[in-house]
2 protein chains.
Amino acid sequence: MPRYRLTIEYDGIGFHGWQIQAGLPTVQAALETALFAITGDPTPVTGSGRTDTGVHALGQVAHLDTRRDWTPDRLMGALNAHLRPQPISVLRVEQTHPQFHARFDARRRRYRYRILNRRAPPALATGRLWHRPQPLAADLMHAAAQALVGRHDFTSFRAAECQAKSPLRTLDLIHVHRQGEEILIDLAARSFLHHQVRNIVGTLVPIGQRLRPVAHMAEVLAARNRVAAGQTAPPDGLYLVDIAYEERT
Amino acid sequence: MPRYRLTIEYDGIGFHGWQIQAGLPTVQAALETALFAITGDPTPVTGSGRTDTGVHALGQVAHLDTRRDWTPDRLMGALNAHLRPQPISVLRVEQTHPQFHARFDARRRRYRYRILNRRAPPALATGRLWHRPQPLAADLMHAAAQALVGRHDFTSFRAAECQAKSPLRTLDLIHVHRQGEEILIDLAARSFLHHQVRNIVGTLVPIGQRLRPVAHMAEVLAARNRVAAGQTAPPDGLYLVDIAYEERT
């Protein structure tokens, strides 16, 4: 059976996240419904990982097997035609080696969090960013965030319902900068704990507002206690940007 | 009566354009309804100009008079509170001189048109750009567009229902460039004819696809005939960016 790798963009608004849940609209369910319509076979889709309700993706990756051979081009066209008008778009389809695994082979996941930092609420990007009207100092947020880079116990930033065996994660990069009215927070790691990005963002905001010192972030990390961190930022501003995979020989 | 100048962002989706029309949701109607709720007085709002159904604004300008004095800050907060959850956001409120006129004093209007130029349809920006899957050469579009700069008879790019007395307009600037998967077309003029921007964009696209030569644009302009130009591009990709006003002494 040929295996295909998909790169997928979706709008988190209106979906109960990536993963199939009985009776709820999810991205995975929409893809599997479209694939069944196209191939006539039940076709499970394996994503690189879940995204929560309301979280967006610019480059989610998934793999699937089909009984018949499809040209990647035809499969992409058929998928996008069947997915319409749902806000899911298949950006790329590639035939890949039969051992490729979208989840286990992922080596680096990149996320971006967008904050709209102006007094007036958003009219054009409702549900697509977090509106914080108080002025935020991106440079202070960036300085504070550097305490998180490297291998750490991220218990303070982990959701109670997180299913990972270990709270140890290696954060490769966190970068905070202002672009016009927006504060953009870029992160990269092999993997993230549940709500890790949103809890980091929720902890950075009071530092950007100068309600907490830059050193606060290192203290929260060292506390290894969810209570030490800030609020969980809403899913609206969170984007799964892309996923890098190991090159196989 | 104090006069206020508003700067307004709105999402064209869901509105029948700017201008009040009986029984239809429009941006002007939403603003006047909010102002009546706030002030208790019928308060007409005068915009810099109309925008069509589906056209967005990042910086529409309007003026209004109130019977009582309001601090700009309070008026802005009250307006945004009353407008919620409609996708209209008042970005700035300034008290201005009593002769300021949002329409007649405008000296330069800037528009941007966004084309998504990739095979896959948009998932995150549906209704906010025009999807053109065939590759477009931004450099050819830019070269062709330069024929339009200056004072010309724009009859070829004017909607049949255009109410302007003269088809003469002075286009100050048209700039086409690629930004990742998007083709951005920026235009500036003191004023535009009805559908002028959308008809220009619809004429540029076949040039970008190499179906028409660069010289085609000058020929269409010289024809002074709407039939010579291309299709009217959809409103989805069109943004009123901002409006510059004469400085008064």
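Calculation rules
- Residues numbered from 1 in each chain as written.
- Chains lettered and ligands numbered in written order.
- Predicted model: local features only at pLDDT ≥ 70, side-chain atom pairs only at ≥ 80, totals over all residues.
- Heavy atoms only, no water.
- Phe/Tyr/Trp six-rings, centres within 6.5 Å; stacked < 30°, edge-to-face > 60°.
- Helix = DSSP H or I, 4+ residues; strand = E, 2+ residues; numbered from the N terminus.
- Buried < 20%, exposed > 50% of the residue type's maximum accessible area, 1.4 Å probe, protein only.
- Contact = heavy atoms within 4.5 Å.
- Buried area = accessible area lost by both parts, 1.4 Å probe.
- Salt bridge = Lys/Arg side-chain N within 4 Å of Asp/Glu carboxyl O.
- Polar contact = N/O pair within 3.5 Å; in protein donor to acceptor, adjacent residues only side chain to side chain.
- Nonpolar A, V, L, I, M, F, W, Y, C, P; charged D, E, K, R; others polar.
- Domains from an automatic or database assignment.
- UniProt positions renumbered as here; feature names shortened; annotations may be inferred.

**Q** Can you walk me through the packing of aromatic side chains in this structure?
**A** Aromatic ring pairs are reported here in terms of the distance separating the ring centres and the angle at which the planes meet. Residue and element names in this part refer to chain B. Scanning all chains against the criterion turns up 10 aromatic pairs over all chains. Relative to W130, the ring of Y113 lies with its centre 6.3 Å away and its plane at 85°, an arrangement referred to as edge-to-face. Here Y113 is found in strand 5 (residues 106-116), whereas its partner W130 is found in strand 6 (residues 130-131), with 17 residues between them in sequence. Per residue, the accessibility class of Y113 equals that of W130, and both read buried.

**Q** How should I be thinking about the interface of chain A and chain B in this particular structure?
**A** Interface size is often expressed as the accessible area that is lost when the parts come together. Residue-level contacts link 25 residues of chain A with 25 residues of chain B. Buried surface at the junction of chain A and chain B, both sides included, amounts to about 1,800 Å², of which 56% is carbon and sulfur. The three residues of chain A that bury the most area against chain B are R119(A), A123(A) and L124(A), which together make up 37% of that side's buried surface. Taken together, the links from chain A to chain B amount to four salt bridges. Residue D73(B) is joined to R119(A) by a salt bridge in which the shortest nitrogen-to-oxygen separation is 2.9 Å. The tally of links from chain A across to chain B stands at 12 residue pairs in polar contact (both at pLDDT 80 or more). Looking at the side of chain A that touches chain B, the elements with two or more residues in it are strand 1 (3-10), strand 3 (56-65), helix 2 (72-83) and strand 4 (88-96) of chain A. Here the residues of the side of chain A that touches chain B are counted per class, giving 14 nonpolar, four polar and seven charged.

**Q** What should I look at first to understand the domain arrangement of chain A in this one?
**A** All names here are of chain A. Each domain of chain A was delimited in the assignment, giving domain 1 (3-96) and domain 2 (108-245). Using C-alpha coordinates to define each centre, domain 1 is positioned 27 Å away from domain 2. Listed by partner, the interface residues are 16 residues for domain 1 and 18 residues for domain 2. Summed over both partners, the interface of domain 1 with domain 2 buries about 1,300 Å², with 51% contributed by carbon and sulfur atoms. Linking domain 1 with domain 2 are two salt bridges, by the criterion used here. Of the charged contacts in the structure, one is a salt bridge between R128 and D11, with a shortest N-O distance of 2.4 Å. The interface formed by domain 1 and domain 2 holds 12 residue pairs in polar contact (both at pLDDT 80 or more) in total. In terms of residue count, the dominant contributor to the side of domain 1 that touches domain 2 is strand 3 (six residues). Looking at the side of domain 1 that touches domain 2, its residues break down into five nonpolar, seven polar and four charged.

**Q** Teacher, can you tell me more about the pattern of salt bridges here?
**A** A complete count under the given rule lists 27 salt bridges over all chains for this structure. A salt bridge links R108(B) to D172(B), with the nearest nitrogen and oxygen atoms 3.4 Å apart. With R108(B) in strand 5 and D172(B) in strand 8 (residues 168-179), this pair connects stretches of sequence that are 64 residues apart. For R108(B), a relative accessible area of 33% puts it in the partly exposed group. According to the relative accessible area criterion, D172(B) is partly exposed, its value standing at 34%. Salt bridges here are not isolated pairs; linked through shared partners, they connect E9(A), R118(B) and E181(B).

**Q** So what exactly am I meant to see when it comes to the UniProt feature "active site" (unreviewed entry) in chain A here?
**A** Residue and element names in this part refer to chain A. In the UniProt entry, the feature "active site" (unreviewed entry) is given for D52. Inspection of the secondary structure assignment puts D52 in the loop between strand 2 (46-47) and strand 3. For D52, a relative accessible area of 25% gives the class partly exposed. In this structure, D52 is in contact with G17, H194, H195 and R198, ignoring residues within four places of it in sequence.

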